[in-house]
Amino acid sequence: PALRKMLNKDVAAGIPIILCVSQVLRFRSKKPDGGVAEELRLELTDGWYSIPALVDSVLAIYVEKGTIKIGSKIAVCNAQLAGSDDGVDPLDDSYDSSKRNCPLLLRITANSTRPAKWHARLGYVPPKSLENHAGTILVKSLDDIHPNGGSIPAIDLV
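What counts and what doesn't
- Residues numbered from 1 in each chain as written.
- Predicted model: local features only at pLDDT ≥ 70, side-chain atom pairs only at ≥ 80, totals over all residues.
- Heavy atoms only, no water.
- Helix = DSSP H or I, 4+ residues; strand = E, 2+ residues; numbered from the N terminus.
- Buried < 20%, exposed > 50% of the residue type's maximum accessible area, 1.4 Å probe, protein only.
- Contact = heavy atoms within 4.5 Å.
- Areas by Shrake-Rupley, 256 points an atom, 1.4 Å probe, with all protein chains shown as cover.
- Salt bridge = Lys/Arg side-chain N within 4 Å of Asp/Glu carboxyl O.

Caption draft 1: Representation of the overall build of the protein chain within the structure. A count of helices and strands for the protein chain gives two helices and eleven strands. Reading the secondary structure of the protein chain in the N-to-C direction produces α-β-β-β-α-β-β-β-β-β-β-β-β. For the protein chain, buried positions account for 42% of its 158 residues. In the protein chain, 70% of the contacts between residues at least 6 apart in sequence involve partners at least 24 apart. Carbon and sulfur atoms form 52% of the exposed surface of the protein chain, whose accessible area is close to 9,100 Å².

Caption draft 2: Focus on the environment of Asn148. Relative to the elements of secondary structure, Asn148 occurs in the loop between β10 (136-139) and β11 (154-155). Classification of Asn148 as exposed rests on a relative accessible area of 58%. Separated by 92 residues in the primary sequence, Asn148 and Asp56 have C-alpha atoms spaced 7.9 Å apart. Residues contacting Asn148, with those up to four places away along its chain left out, are Asp56, Ser57 and Val58.

Caption draft 3: Focus on the pattern of salt bridges. Inspection of the entire model under this criterion finds six salt bridges. In this structure, Glu64 engages Arg26 in a salt bridge whose closest nitrogen and oxygen atoms are separated by 2.9 Å. You can see Glu64 sitting in helix α2 (residues 57-65) and its partner Arg26 sitting in strand β1 (residues 17-30), a full 38 residues away along the chain. A salt bridge links Arg41 to Glu39, with the shortest nitrogen-to-oxygen separation between them at 3.1 Å. By relative accessible area, which is 5% here, Arg41 ends up buried. When its relative accessible area of 22% is taken as the criterion, Glu39 is described as partly exposed. One continuous salt-bridge network, built from bridges that share partners, spans Arg26, Arg28, Glu38 and Glu64.

Caption draft 4: How the structure looks around unusual backbone geometry. The phi angle at Lys9 is positive, at roughly 60°, despite the residue not being glycine. Positive phi, normally seen in glycine, also occurs at Asn78, with a value near 60°. For Asn78, the location among the structural elements is in the loop between β4 (73-76) and β5 (80-83). Assessed through its relative accessible area of 29%, Asn78 is described here as partly exposed.

Structural measurements only, silent on function.
The structure is reproduced here in structure tokens:
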């Protein structure tokens, strides 16, 4: 299973992968000034294991609008693992992807994330499939790029 390899840090997190949204997690905390801050995370699964994902502001808007919801499949590349320097076994008792203090998080950005087809197979994406070019998601139009959406994987300029 793909996420087990990623969580164990046997493979890089930036490799293109198709995951399914299994939960939308919202955590509230108090700010020092007395206000309330809400953190939005997605729990992503490869069908076997799950990992919490920190989303950027653009993906958070897609979640709020319902474009990304439970059951949606997304293609992700250029993701980053944040948290522990060591790998984590997803079967370990201390690992729970639905809790706020999960030791590893996957950081994903809008420019490196695309909706996947409903029939797409979960897991790592072969180099010659999807809208994939040299191991990344190919951006076909400048309209697909969001200024606050993180790094851009690849652009096909004609």
